[in-house]
Amino acid sequence: MPLRHCLKISDLTKEEILAVLAKSIDLKHNKEKYAHVMDGRTLLMLFQKPSLRTRVSFEVGMTQMGGHAIHYSIADSPLGVKETYGDTGKVLSRFADIVMARVNKRNDVRQLAANSTIPIINALDDFAHPCQMLADMQAIMEKKGCLQKIKMAYCGDIHNNVTYDLMRSAAVVGFEIRVAGPRGEGFEVEPEVLEECATLCAKSGGRVIVCETAVEAVTGVDVVYADSWMSYGIPKEAEEARRRMFLPFQVTAELMTHAKPDAIFMNCLPAMRGAEMTAEVIDGPQSIVFDEAENRLHTCKALMLFLLGIGGFEPTPCVCTCPSAAKPARMGKILIALGGNALMKSGQKGTYEEQMENAMVTCHQLVKLIKRGYDLVITHGNGPQVGAIKLQNQIAADKVPEMNLNVCGAESQGFLGYLLQQCLQNIFLAEGIHKDVATIVTQVVVGSEDPAFRNPTKPIGRFFTAQEAEVLRAQGKTVVEDSGRGYRVVVPSPMPLEIVEGNSIKTLINAGAVVISVGGGGIPVIRKPSGELTGVEAVIDKDLGGSVLADLIGADTFMILTDVECAYVDYRGPNKRALPKLTVAEAQTLFEANEFAKGSMGPKVQAAIKFAKTTGRPAIITALDKVLDALDGTAGTRVVSGL
């Protein structure tokens, strides 16, 4: 792999930045996977400036990955006095595997890199701060999603390293940044930075704008950023004058009102409350400064792996594409039915950030199957989400028309499909997996005379207390106790008969795509005698909808993922017993004996029975983190057609 350094964020391309961020997210959620990737490797950390986050993140990061980090204080050495940075680079290249340097002047780290044969990371100088940029962009991705769509404002000192690299980040990745600060000698953005950003923006479509006022910069943005007014090296006697100049650019609660209502506040830390921002802002609900700081650990690990070309960044070998070339073994087709817990955990509020993080954890587990050679089709539950969407509709009914339940189901398919789709795409990028991912809004035909319309049983939405349940019943809703977890509203849950978009789904699968479809069991529709479709107020059980989908696509295995490792008999009783394997007949007997809770395990077993009986192929019920073990037969409940 060619030698690479990272001295400023624009040393990386947009694609490389996104790949490093995807790897960082993987490191954040799967630390143990990389526990030995740095075995036998040494990082040397050179410090001329004081540090907290930088030293701790790199030192802990190397330790977590099995490597070793050495801290070397330039203040205690002849470096830069009796020995040049160039000579030091030549020497260190013979001792260490990678160097991180936090120095005062840009020319020092440039000289170090120019004379090194190992990667050099600039951990801060007077011109750039690329490590901070990666942590910032990961935090924005986690809170806002797509980086290219955001607008950011930076208020304060625009003649510093953080501002310059934020501007470069926008110019490389393709988002918009507006910067505002005092003008005059020693306060302006350096022309070299403006010229570089203009060139990069022409390629990426990004925008870098220097504003006159803080309000001009902040109006309508998604992210507001502030940094210290007193960079290292500012004389004490100059501080008060600087403070007066910067005060019009202080981020206050009033200034934040000019940003979007859901805007986030960022500061790379350390922060001085009452200076670059008020305590009300940095300690308020819009602040994500500690999430931002945490990401310093994960992104520095990812950057080191990238520069060393290991941990998933190994050079791609030349592959023969002639007809006789061997292809990776195809292990079969698996239909995955994700439980609601895969996207929203018990006790969570259901924020976008929570569900995105849950989706990323889930997708990392699913990618393990792809790496084994399996083709994946994914369906998912939507109970909490469709319930929340319906509640939002009801609350806002006096402002905007309330949508029917089937329309809310369609909205949830788009929302959850988007989360899963983006997470898979980001992981594929980091892992070098070349697969398309597509979400299909899916209609499923049900019978107009299905008895479920007279007997609602399907829980939707959040859990309620007994007192809340009584209020809901008084409003005409059907509310039941759900497996000892609380009370939930239930709606009709008719049996799925036909997947309307079936041919489109099969076409995408045959083209090699990962397909996300039949979300929430599918949007329930009735087919009229004329062939026309019309939606109905109901929710289809996602496992039963998944069973129909698995049969349609010819899945080799139907895997139902839930929050327990397997199915049990007497689950909440004294004789609780795991069920590692069941024939269709055995499973049917237990199902009819009401051994499985109607609102949770019951539909899963019913769906497994239906698939195994119809196709003769196995269905597996297990937990998300046991997917490989379940396929190997050491976990889960396997329902088979015969002995």
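Residues numbered from 1 in each chain as written. Predicted model: local features only at pLDDT ≥ 70, side-chain atom pairs only at ≥ 80, totals over all residues. Heavy atoms only, no water.

A. Region of the structure containing the pattern of salt bridges. Tallied over the entire structure, the rule returns 30 salt bridges. Salt-bridge contacts for glutamate 212 lead to arginine 183; the nearest nitrogen and oxygen are separated by 3.7 Å. Of this pair, glutamate 212 sits in the loop between β7 (207-211) and α8 (214-218) while arginine 183 sits in the loop between β6 (176-180) and α7 (191-204), placing them 29 residues apart in sequence. Of the charged contacts in the structure, one is a salt bridge between arginine 473 and glutamate 470, with a shortest N-O distance of 2.7 Å. Pair noted here: arginine 473 and glutamate 470 are both in helix α16 (residues 466-474), with a separation of three residues, about one helical turn. When its relative accessible area of 32% is taken as the criterion, arginine 473 is described as partly exposed. Salt bridges here are not isolated pairs; linked through shared partners, they connect Lys8, Asp165, Arg168 and Glu196. (Salt bridge = Lys/Arg side-chain N within 4 Å of Asp/Glu carboxyl O. Helix = DSSP H or I, 4+ residues; strand = E, 2+ residues; numbered from the N terminus. Buried < 20%, exposed > 50% of the residue type's maximum accessible area, 1.4 Å probe, protein only.)

B. View of the confidence of the model for the protein. Put simply, the protein has an average pLDDT of 91, and 96% of its residues get 70 or more. pLDDT under 50 marks residues 317-329. Its contacts with residues more than four places away, or in other chains, come to two contacts. (pLDDT = per-residue confidence, 0-100. Contact = heavy atoms within 4.5 Å.)

C. Looking closely at the packing of helix α14 (residues 383-395) against helix α15 (residues 405-431). It is at 9 Å that the axes of α14 and α15 come closest, and there the two elements cross at 125°. Here α14 is positioned oblique relative to α15, judged by the angle of their axes. The two elements α14 and α15 cross, and the hand of that crossing is right-handed. Residues Gln385, Val386, Ile389, Lys390 and Asn393 of α14 lie in contact with α15, whose contacting residues are Leu405, Cys408, Gly409, Glu411, Ser412, Phe415 and Leu416. Considered class by class, the residues forming the contact of α14 with α15 number six nonpolar, four polar and two charged. (Axes fitted to C-alpha atoms, helices over the stretch in contact; angles between N-to-C directions. Parallel < 35°, antiparallel > 145°, perpendicular 65-115°, else oblique. Left-handed = near helix turned anticlockwise from the far one by under 90°. Nonpolar A, V, L, I, M, F, W, Y, C, P; charged D, E, K, R; others polar.)

D. Representation of the sheet that holds strand β26 (residues 637-640) within the structure. What the eight strands build is an open sheet, ordered β12-β18-β11-β10-β21-β25-β26-β24; its pairing is mixed. Only two strands of the sheet have a single neighbouring strand rather than two, namely β12 (437-439) and β24 (581-583). Taken pair by pair, the neighbouring strands of this sheet meet at an average axis angle of 20°, ignoring direction. Each of β10 (332-338), β11 (374-380), β12 and β18 (514-516) is contacted by α15, which is oriented at about 175° to β12, the strand it contacts most. Here helix α18 (residues 542-553) sits on the sheet and contacts β10, β11 and β21 (557-562); the angle it forms with β10, its principal contact strand, is near 165°. (Pairing = 2+ DSSP bridges.)

E. A look at the side chain of histidine 129. Inspection of the secondary structure assignment puts histidine 129 in the loop between β4 (120-122) and α5 (130-144). When residues no more than four places from it in sequence are discounted, the contact partners of histidine 129 are Arg102, Ala123, Leu124, Asn161, Val162, Asp165 and Arg296.

F. Fine view of the side chain of aspartate 227. When you line up the elements, aspartate 227 lands in the loop between β8 (223-226) and α9 (239-246). Here aspartate 227 is buried and forms no salt bridge, its nearest opposite-charge partner arginine 53 lying at an N-O distance of 8.7 Å. In terms of polar contacts, aspartate 227 uses its side chain to reach the side chain of asparagine 160, at 3.1 Å. (Lys, Arg positive; Asp, Glu negative; His and termini not counted. Polar contact = N/O pair within 3.5 Å; in protein donor to acceptor, adjacent residues only side chain to side chain.)

G. Looking closely at the pairing of β8. Alternating positions in β8 separate into two faces, Val223 and Tyr225 on one and Val224 and Ala226 on the other, with burial throughout. With four bridges connecting them, β8 and strand β9 (residues 264-267) associate as parallel partners. Counterpart to valine 223 in the pairing with β9 is isoleucine 264.

H. Region of the structure containing the environment of valine 479. Along the polypeptide, valine 479 turns up in strand β15 (residues 479-481). Separated by 255 residues in sequence, valine 479 and valine 224 have C-alpha atoms that sit 44 Å apart. Setting aside residues no more than four positions away along its own chain, valine 479 makes contact with Ala469, Leu472, Arg473, Tyr487, Arg488 and Val489.

I. Expanded view of the sheet that holds strand β20 (residues 533-535). In space, the four strands of this open sheet follow the order β17-β13-β19-β20, with mixed pairing throughout. Bordering the open sheet on either side are β17 (496-499) and β20, each of which pairs with just one other strand. Adjacent strand axes in the sheet meet at a mean angle of 45° when their direction is disregarded. Note that strand β13 (residues 443-446) and strand β19 (residues 523-527) share three bridges and pair parallel. By the bridge assignment, valine 444 is partnered in β19 with proline 524.

J. Representation of the packing of aromatic side chains. A complete count under the given rule lists seven aromatic pairs for this structure. Ring plane angle 90° and centroid distance 5.4 Å describe the contact between phenylalanine 306 and phenylalanine 313, whose orientation is recorded as edge-to-face. Accessibility expressed as a relative area gives 12% for phenylalanine 313, which makes it buried. Ring plane angle 65° and centroid distance 5.6 Å describe the contact between phenylalanine 558 and phenylalanine 611, whose orientation is recorded as edge-to-face. Of the two residues, phenylalanine 558 is situated in strand β21 and phenylalanine 611 in helix α20 (residues 601-615); the sequence distance between them amounts to 53 residues. (Phe/Tyr/Trp six-rings, centres within 6.5 Å; stacked < 30°, edge-to-face > 60°.)

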